[in-house]
Structure formats: structure tokens, C-alpha cells
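Close look at the chain arrangement
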2 protein chains.
Amino acid sequence: LLAGERLPATRELAGQLGLNRTTVSAAYAVLEEAGLLRGEVGRGSFVAQRKNEANVPGAPPSGEPDALWRSVLGEPDGLPAAAGSRAAISFASSRPAEDEFPMDAFRRLAREVIDSPEAAAILQLGSPYGYEPLRRYLLDEARRSGAATSEDDLLITNGCQQALDLLSRVLVAPGTPVAVEDPVYHGLLSVFGRAGARLLPVPVGEHGLNVAALESVMASERPRLLITTPNFQNPTGTTLSQAARNAALELAQRTETIVIESDIYSDLRYEGAPAPSLKQLDSSGRTVLLGSYSKVAFPGLRVGWVIGPRPLIARLAEAKQISDLHSDQLAQAVLLRFAESGELKRHLEATRRAGALRLRAVLEACERHLPRGSRFTRPQGGMNLWVELPAPLESEAVLRGAEERGVNFLPGIYFGARREHRRGLRLSFGGLRPQEITRGVAAIGEAAAAELAGHRERAALEPVAALV
Amino acid sequence: LLAGERLPATRELAGQLGLNRTTVSAAYAVLEEAGLLRGEVGRGSFVAQRKNEANVPGAPPSGEPDALWRSVLGEPDGLPAAAGSRAAISFASSRPAEDEFPMDAFRRLAREVIDSPEAAAILQLGSPYGYEPLRRYLLDEARRSGAATSEDDLLITNGCQQALDLLSRVLVAPGTPVAVEDPVYHGLLSVFGRAGARLLPVPVGEHGLNVAALESVMASERPRLLITTPNFQNPTGTTLSQAARNAALELAQRTETIVIESDIYSDLRYEGAPAPSLKQLDSSGRTVLLGSYSKVAFPGLRVGWVIGPRPLIARLAEAKQISDLHSDQLAQAVLLRFAESGELKRHLEATRRAGALRLRAVLEACERHLPRGSRFTRPQGGMNLWVELPAPLESEAVLRGAEERGVNFLPGIYFGARREHRRGLRLSFGGLRPQEITRGVAAIGEAAAAELAGHRERAALEPVAALV
């Protein structure tokens, strides 16, 4: 298929392939999220601009490669689902709003960096630990806040995703038991699944990780790692209370479990009071903290970090060097200027004000437009909210109807560590305007209502069982 | 040890630890290359600016973590050896000269990118395949040159190192037989060693990969992959003739071996005529080409790429997404402008002129200053040259003496796929001025002469065997 080409309608393709139409719709949503397709309301789905293979003079087509590559590659093992979506209203990607990027500040500070005398050194090969001035800045900040002890060190990564990947390389062997939240960010499942971890799901309720369930998993399965996002968890948006944090840490200490805490959303609190991070509460040195600029600044600049005990960071730096030598230094230098200049703080304040309006919009819209019997989380910050539709609705079927209305989201099946979450769906509202959120949730509500009506019709047509 | 602190002299530390002094010197060289130490001529070695742990208010020191982390982390598995060295004259890192970076062009073009209307989109989350305009540009270029067929696709990576890492993830399982050059780039050994590959060394001679040896390895061991750098191989700088390229490809075809061709140095040809890449010669679709801007532009911007059959690239994109979602987009956009504007071509021409002078300097200096009986390669381009010292000299011992003279390099042991190369050493001359090269090689020659004299003295003192 060439760029710009129109894909068959989901109904048509489902018919051709003998598949359920929801399957085709879900595949389109994933492709769209990966930037391979773009949806246009009322017109259908089109191949995005990424191939350019028509009429290019090149080498002759190759001879017999397909069998070779088929034999070598086997089955794919991942799920392409990271990049942005171009649906009219897309709830599919957990990312900030592009039109709220502080471009003037970025341009001014980036110019300072490229005009500085350090520019040549920034463009030279660097250290696997990261650009030293940024590393020192982040470590100082963390020490000041109590998020790093004097025993800790810090490694810069290409966003939080690479931090997870490096941790999986260093800490996980095939069969290593790893406790994870359920539902949980699909990119985390891919990383630890790929590393061969035995994933132990711990349910997430309205108030985050269920600590009683955690205790039972820890007692019976002895996980080596617990991976958790206590603030505005992805996909549920839920937050763990301070009491629950203390309890989780105590459990980890008793069972000698290492705790990996993803803290990438904590600066995006729109209401309520913050609780200390596990890393700040932990005096036993077992907690590893992941931070990132991706959710609070510019995700296209891939800069995150890991804070943990020095021997771990040294091992992660080795793994980092094997992975890609070091992170891009221009991005690191620009983000350092952004933080040091106070512009990051200013931008965060603006983001929180805008985020509060988004949050109110999504909560009100869910209250108003989702079908009766729906349950949804009530986050106090972050970018994500989790909906559970009432039976017999399934989120993939509702997605199909929503897409016809120009709206998409990621259905629950992508977030299941064990359970399938067929009634669940994630609404990522961080990149949308309040009016878009309202319209989008209304469209999802319409799609759900139509789907419910279809169910009722079908039920009415079913033969009544004989009374015997 | 705190930043700025002086390390004990190698002699002193060797005494304290009961180790051979060459071991300590080699460790210092590796630490220096990783940016953790800096050497100052006549003053010793100092901890580089990367820790900042004195007098920082922070959380209390942690309780009992060491045992936990020791039990979890076990033994380190990598070799920290990528970043730049700060010795007075360092032959240790294969990288371009910072003071020849075209900073004016960089500043102008980077400003164009940050001021452009696309800047906000560049700062938003992107595609695992890479920044689309750069991806399309590189693919068009490759199609025009015959390095990509219409069956091929292209993925942007964080430099060539990440391309190797992703390939190892997709193509290598524990025990997979992989043919590699010997000696070979240590970062390649780390990647494929970590992935559990069974490495099959194929000797590199004066004219690159030994094709007769390759044939015998292929016949007896049936490697799944062959990884090779036909142009200016790292560490030897050697180049494979076109006849040998054809023969290697024919062998690969006969044995159904996949060929991974690293082509990151080919633009740095200072003399002689170029041969087509394996990828250009291969009509069977089994060759995967790795390219990079790191050796020819700005290594601190981590941008490389892989060209290969579409199904492989799709799998690599999945692995890329799991690794770090996507590569930094600002760096990609700046390098695209650099290439499109013609400044890359201009810079390459200047680099080739300067490289020719470097190459002449290093060859003349080796001829003149290395001890009699030394052998060294005669590259026609690239950044590296390989020396084999005559018995009984070992390169680690010579490194010790060279360091006392303010010069360092990487000894052969870091490049051995199987053989230890104890007499070998790599001279990376890409980042040095011709006068530095001359002085540096002269210092190595002096160190070798002193070491030889020491050998003779010790031999003279040895008791003569009784004649019985």
C-alpha cells in the first residue's frame, strides 16, 4: 500500500478476511497510534506518509529473500503502539498537547545552547551515564528532595521506556518473578514479557495498587521485583495513599523485593495533596526511581533517568553503553537549560492549570455520556482515566462505533497483565482540548448506546428456551 | 572517590592490590575512555567531574541495601569503553575531531530547525521508524545508489550501536552461530556476546576478512549471520577487495547466511578507489546495511540507520519501540537539514582532506617509531590502524609506558573474538592533529623500546641452563 492510499472500510476488510469487524478496527487503531495510518472523519483510514517506493530508481528487485527472512524472523513478538494518533479526536496516546508546548521558551533556550561555547563538546561522543551537567543537576535536585541518598547515583536514559528496558536487561532472567499492576502500561508488559519475566499481576483498584492482593502475591510467589506507578498510574490514573505506600514498602522490605517506581506523572497533579514518593519514604535502599521529561516537557526529546544504588546504576550504564553508547546530548543540554532557567516550572504551572480543565471535562463527560452502569476512575492528575463498561458491552466493539464517529482510544486488552479487561478502556486526555474531550466522550457514549441497542435486538431475536 | 580526586599511581595501586601494573594501567585506560577518569600528563589520573556527593543535603544514608544489590546484580557483564578520552594524546576512541566540527553550519541549520513551523511536531512523540522526513531522505538516497531495493525499508536508530543491539534482539537466540571478524570492534562483541550468540571468529588480514577462512567457518559451523565491515574495518582499518566481496556474498548465498554490513566509515576514504558495498552487490536480499552520521558528522547526536528487507525492518521497529519508543527527533531534524543543505557533503570533503594528512602522519610515524619487527595495517581511510608488536612485547605493557608519556590507546585484548591479540593494539587517529599523531606514536615507540630493554635486562639476569 502506498502513502495516501485509502484502506478498505473495516466492515469490508473483515468480510474479506473472515474476521470479526472489531478485530479489524482494533488493528486500525493500533496502526494509527503507531503513526502508520491516519483516520479522516467520514472519509476512512489512509496510509500515512512513511513509505516512498513508487517510481524511485533503485537496485533491481531481489531474488529469493522472502523464504530466508520468513525462516529467520518467525512470529512477531511486540505490539506497535507508541506514537501519536491522527484521528479527529484521539484518546489513544498518553502524551501532552502539542499546541501548548512553550515554543518561544524552547526556541530561545535551544538557541542559547547551540550558540554556547559548549556546543562542540555537546556534539562530541559522550558518557553512557549521560550529559554530565544534566546528570549533576538532576542528582542535586533529587538529593535536595530526599529522592536520592548519598548512596545513590543517576543514569540518563532515552525516556522512561529505555529505563524499563535497561532494568529488564540487568535484573530479569527468563522466569524471574515480577509483580506488576493490572491493568498496566502496555510498553511495560512488552519489555518485561520480552525479557522472559514471569509477570505476577496485582489488581489496581480505585485507589491504586491493591495492597492486600500485593501481600498475597508476595507471600505466595516471592517476586524479585515490584514495578509500580503510585502517582496517576497508566492506564488508570489512580494514586496510592501514603498509608498504602508505607504498607507496600514494608511488604517489600519483609520479602526482600526490589521496588521500581515510575514517577513520570507526579508533577501533573491538578487537585489534592501530593504524597511522598516510595523512593523518598524508603530508607532501606531497595527502591529505584524512574523520572522523565517526556510527560512534562517535550516527548520528542527522549530524556528520562533512573535513580538507584550506585552498583545498580553502574550496571545499567554498562547495559546502556551496549544498547546505544549514550543518549543524545543536544536534547539533554536543551532540557537542562529549560529546567535551570525556570521555564520548566513556569510551563508546569500552565500545564497544571490546563490539566485541571481537561480533568474536569473528562470526568463530567464520563458522568454524562457513558452508559448507565459504567464505572470509571477519578484521577487527581496525570493524563489517563480508565473506564469499565457494563456487561454485555466490550470495549473493542465500542471502539469500532467510536471510530465511525471520528474518535479512538485503546481498548482494555492492551493493558492486561493477565486478565483481558475486555470491558475496560483507557481515555488518554492529556493531548486534547476540553471541548474535544467532551465531544469525544459523547461519541463514545453514542457508540456504546448503539452497541447496546444492537445487543438488545439480537437478544429479542433469540429463540426462547422451552420450559421443560 | 570524589570528582577531581587524584588516583594512586599505577605502580602504587598495583603494589597495594598485589596486581600486575599493566592490569592497573589497562583499567585506568578503560576508565578514562569511559569518561570516568582524566589523565594529566606528568600529574597522574583524576576522577572526572561526574559525581557530586560532598556536602549535599539529602535523605539519610540507607540501611541494608548492599547485600540485597550484591545478591541481585552478581558479576558485571560488559566493558565500559565508548566515550572520549581526555589523555594528552589519546588514540583510544574511534571518533572525529571536535575542533573540526563545522560549528557555523551547525548553528545556522539548527536555528532553522528550531525556528521552523515543524518544531512543535518535532518535539512531540514520534514514530519508532524514525523522523519521517529523514527516513524518506535516507531511503531515497539509498535507492538512488542501489543500496536499497524496492523490497527494502529503513529504520532510524541511535547510532550504529543500537542497530547492532536491535539486530541481536531480533536475530539472535542463545547459541545462534554468528561469524565475526577477528579482531573486531569491542562494542559488537558486547552486544552479540550479551545476546548469547556463539561467536565464530574469522581472521582479518591486511586486506580485510580472510575469505578462505570464512569459507571454512561457513562449511563447518553454518553461521546464521556474518557481521562485517568491508570498508576501513574497526579496529584494523582494512578494506575488502571487490573480488573478495563477491566471493563472500557467494558463500553467504550458498550457505543461506544473512550478512550484516556495517558501512559507517565508507565516506572517509582518503586514497584509492571505492568498491561497491555488499548491499549494492547483493541481488539476493540477504544483506542488511548499517549507516550512521556519528563518524562523519556529530557523534553526540545519536543517529544511525538500518536498511534491509521490509519484514526485518518491521521487526526491528517493534524492538526499537520496546527499547526506547523512538530516536530523538531534534537531532534527526538537524542532521536532515545538514545533509539536505549540502553542508554534510562540504564537511565530508574537508574531513577527507584532513584525514589524508592524518593517515600520512600515522603511517610515517609507525614506519619510523615502532620497534623493528612491528607490523601494521595500511588503511586507505577511516579512523583506525592496527599494530602488531614483535615478541616479546605485549601491548598492555607498552600502554603502561605510553601512559607515563601522556599517550594512550586500546590494547588488543579488547578486540579479540577468540584470540587474545596480546601483541596487538588499535591506533584511533580520527580525532588527532597530524603533529599529535607523530608525537603520540613516537611516545609509544619509546615506551616499546624501554620495555624491550627491560626484557633484555631480565633475560641477561636469568640463570643460564646447565649443559648436561
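Since the model is a prediction, treat every value here as computed from it, not as a measurement. (Residues numbered from 1 in each chain as written. Chains lettered and ligands numbered in written order. Predicted model: local features only at pLDDT ≥ 70, side-chain atom pairs only at ≥ 80, totals over all residues. Heavy atoms only, no water.)

A count of helical and extended segments in chain A gives 16 helices and 16 strands. Whereas a compact globule of 468 residues would reach a radius of gyration of roughly 23 Å, chain A reaches 23 Å, a difference of no more than 12%. Each principal axis of the C-alpha distribution contributes one length, and for chain A these read about 75 × 65 × 50 Å. Per-residue burial for chain A yields a buried fraction of 63% across its 468 residues. In chain A, 73% of the contacts between residues at least 6 apart in sequence involve partners at least 24 apart. Here chain A holds 54 positive side-chain charges and 55 negative ones, and the gap between their average locations is 2 Å. (Helix = DSSP H or I, 4+ residues; strand = E, 2+ residues; numbered from the N terminus. Rg over C-alpha atoms; globule rule 2.2 N^0.38 Å. Buried < 20%, exposed > 50% of the residue type's maximum accessible area, 1.4 Å probe, protein only. Contact = heavy atoms within 4.5 Å. Lys, Arg positive; Asp, Glu negative; His and termini not counted. Charge placed at Lys NZ, Arg CZ, Asp CG, Glu CD.)

Residues and elements named next belong to chain A. Within strand β16 (residues 424-428), five of the five residues are buried, which leaves the element mostly enclosed by the surrounding structure. Neither face of β16 is left uncovered, since the one carrying G424, R426 and S428 and the one carrying L425 and L427 both have all their residues buried. Relative to β16, strand β13 (residues 384-388) runs antiparallel, the two sharing five bridges. When the sheet's bridge partners are listed, L385 is paired in β16 with L427. Alignment of strand β15 (residues 410-411) against β16, held across two bridges, turns out to be antiparallel. Paired with P411 across the bridge in β16 is L425. (Pairing = 2+ DSSP bridges.)

Time to look at the sheet that holds strand β8 (residues 225-228) of chain B. Residue and element names in this part refer to chain B. Within the open sheet, the eight strands sit side by side as β4-β11-β10-β9-β8-β5-β6-β7. Their pairing is mixed. Edge positions in the open sheet fall to β4 (152-157) and β7 (208-209), since each of these has one partner strand only. Helix α8 (residues 186-194) rests against β5 (177-182), β6 (198-205) and β8 of the sheet, and its axis sits at about 160 degrees to β8. (Axes fitted to C-alpha atoms, helices over the stretch in contact; angles between N-to-C directions.)

Let us now look at helix α12 (residues 310-324) of chain B. Think of an α-helix as 3.6 residues a turn; residues three or four steps apart then line up on the same face. Residue and element names in this part refer to chain B. End to end, α12 covers 21 Å across 15 residues, agreeing with the expected 21 Å (1.5 Å per residue, within 8%). If you check which residues of α12 are buried, you get L312, I313, R315, L316, A317, E318, A319, K320, Q321, I322, S323 and D324. Downstream of α12 by one or two residues, L325 has phi in the positive range, about 65 degrees. (Expected span 1.5 Å × (residues − 1).)

Residue and element names in this part refer to chain B. Counting buried residues in helix α15 (residues 395-404) gives seven out of ten residues, a clear majority hidden from the surface. In this fold, the buried residues of α15 make contact with α2 (21-33), β14 (407-408), β15 (410-411), β16 (424-428) and α16 (434-461). Two residues or fewer after α15 comes G406, characterised by a positive phi angle close to 80 degrees.

What follows deals with the pairing of strand β11 (residues 304-309) of chain A. Side-chain positions along a regular strand alternate between the two faces of the sheet. All names here are of chain A. Buried residues dominate β11, accounting for six of its six residues. In the sheet, strand β4 (residues 152-157) pairs with β11 via six bridges, with the strands oriented antiparallel. By the bridge assignment for β11, T157 is matched with G304. Where strand β10 (residues 287-292) and β11 come together, four bridges link them in antiparallel fashion.

Another aspect to go through is the sheet that holds β16(B). Reading across the sheet, the four strands line up as β12-β13-β16-β15 (chain B) and stay open at both edges, with antiparallel pairing between neighbours. With partners counted over all chains shown, the strands left at the sheet margins are β12 (375-376) and β15 of chain B, one partner each.

This next bit is on the packing of helix α2 (residues 21-33) of chain A against helix α15 (residues 395-404) of chain A. Residue and element names in this part refer to chain A. Close contact between α2 and α15 brings their axes to 8 Å; oriented N to C, the two are set at 65 degrees. Judged by the twist between their axes, the crossing of α2 over α15 is left-handed. Where α2 approaches α15, its residues R21, T22, S25, A26, Y28 and A29 are matched on the opposing element by E396, A397, L399, R400, E403 and E404. Among the residues making up the contact of α2 with α15, the classes are represented as five nonpolar, two polar and five charged. (Left-handed = near helix turned anticlockwise from the far one by under 90°. Nonpolar A, V, L, I, M, F, W, Y, C, P; charged D, E, K, R; others polar.)

Relative to the elements of secondary structure, E5(B) occurs in the segment before α1 (10-17). The contacts of E5(B), once residues within four sequence positions are left out, are S45(B), F46(B) and V47(B).

Turning our eyes to something else, we now look at the packing of helix α9 (residues 211-221) of chain B against helix α10 (residues 242-255) of chain B. Residue and element names in this part refer to chain B. The geometry of α9 relative to α10 is characterised by a closest axis approach of 10 Å and an angle of 5 degrees between their N-to-C directions. Of the possible angle classes, the one that applies to α9 and α10 is roughly parallel. Each of V211, L214, E215 and M218 in α9 lies in contact with α10, whose residues at this interface are A244, A247, A248, L251, A252, R254 and T255. By residue class, the composition of the contact of α9 with α10 is eight nonpolar, one polar and two charged. (Parallel < 35°, antiparallel > 145°, perpendicular 65-115°, else oblique.)

Let us now look at the packing of aromatic side chains. One pass over the full model with this rule turns up ten aromatic pairs over all chains. Between the aromatic rings of Y293(A) and W305(A), the centroid separation amounts to 5.0 Å while the plane-to-plane angle is 70 degrees, which identifies the pairing as edge-to-face. In this pair, Y293(A) is assigned in the loop between β10 and β11 and W305(A) in strand β11, connecting sequence segments twelve residues apart. Each member of the pair, Y293(A) as well as W305(A), is classed as buried. Here W386(B) and F415(B) contribute two aromatic rings whose centre-to-centre distance is 5.8 Å and whose plane-to-plane angle is 90 degrees, an arrangement assigned as edge-to-face. With W386(B) in strand β13 (residues 384-388) and F415(B) in the loop between β15 and β16, the pair connects residues that are 29 residues apart, well separated along the chain. (Phe/Tyr/Trp six-rings, centres within 6.5 Å; stacked < 30°, edge-to-face > 60°.)

To continue, consider the nonpolar core. With 240 residues, the main nonpolar core has Y293(A), L427(A), Y293(B) and L427(B) as its most contacted residues. With residues near it in sequence (within four places) discarded, L427(A) still touches F91(A), V362(A), C366(A), M383(A), N384(A), L385(A), V387(A), F409(A), V441(A) and I444(A). (Core = buried A, V, L, I, M, F, W, Y, C linked by side-chain atoms within 4.5 Å.)

All right, on to the pattern of salt bridges then. Counted under the stated rule, the structure contains 52 salt bridges over all chains. Note that R169(B) is salt-bridged to D165(A), the shortest N-O span being 2.4 Å. Residue R169(B) is found in helix α7 (residues 159-171), and its partner D165(A) is found in helix α7 (residues 159-171); the two belong to separate chains. In this structure R169(B) comes out as buried when scored by relative accessible area, which is 12%. The partner of R405(A) in a salt bridge is E446(A), and the shortest N-O contact between them spans 3.2 Å. Within this pair, whereas R405(A) is found in the loop between α15 and β14 (407-408), its partner E446(A) is found in helix α16 (residues 434-461), the two being separated by 41 residues in sequence. One connected set of salt bridges, linked through shared partners, spans E132(A), R135(A), R136(A) and D153(A). (Salt bridge = Lys/Arg side-chain N within 4 Å of Asp/Glu carboxyl O.)

Let's shift gears to unusual backbone geometry. Excluding glycine, most residues fall at negative phi; most peptide bonds, likewise, are trans. Residues and elements named next belong to chain A. With omega at 15 degrees, the peptide bond leading from N234 into P235 counts as cis. Following A391, the chain continues into P392 via a peptide bond in cis, with omega recorded as 5 degrees. Here E256, not a glycine, exhibits a phi torsion of approximately 55 degrees, which is positive. Among the secondary structure elements, E256 is positioned in the loop between α10 (242-254) and β9 (258-262).

All names here are of chain A. Chain-level statistics for chain A give a pLDDT mean of 90 and a share of 92% at 70 or above. Here residues 50-63 is modelled with pLDDT under 50, and outside its nearest four sequence neighbours on either side it reaches 37 contacts, counting other chains as well. Counted against residues more than four places away or in other chains, residues 77-85, with its pLDDT under 50, gives 38 contacts. Interface confidence in the predicted complex, given as ipTM, is 0.83; pTM for the same model is 0.84. (pLDDT = per-residue confidence, 0-100.)

Along the chain, the position of T351(B) falls in helix α14 (residues 343-369). Not counting residues up to four positions away in its chain, the partners in contact with T351(B) are L268(B) and Y270(B).

To continue, consider the environment of V202(B). Residue and element names in this part refer to chain B. Mapped onto the elements, V202 comes out in strand β6. Along the backbone, V202 and V217 are 15 residues apart, and their C-alpha atoms lie at a distance of 7.3 Å. Every residue in contact with V202, bar those within four places of it in the chain, is listed here: A179, V180, E181, D182, L209, N210, A213, L214 and V217.

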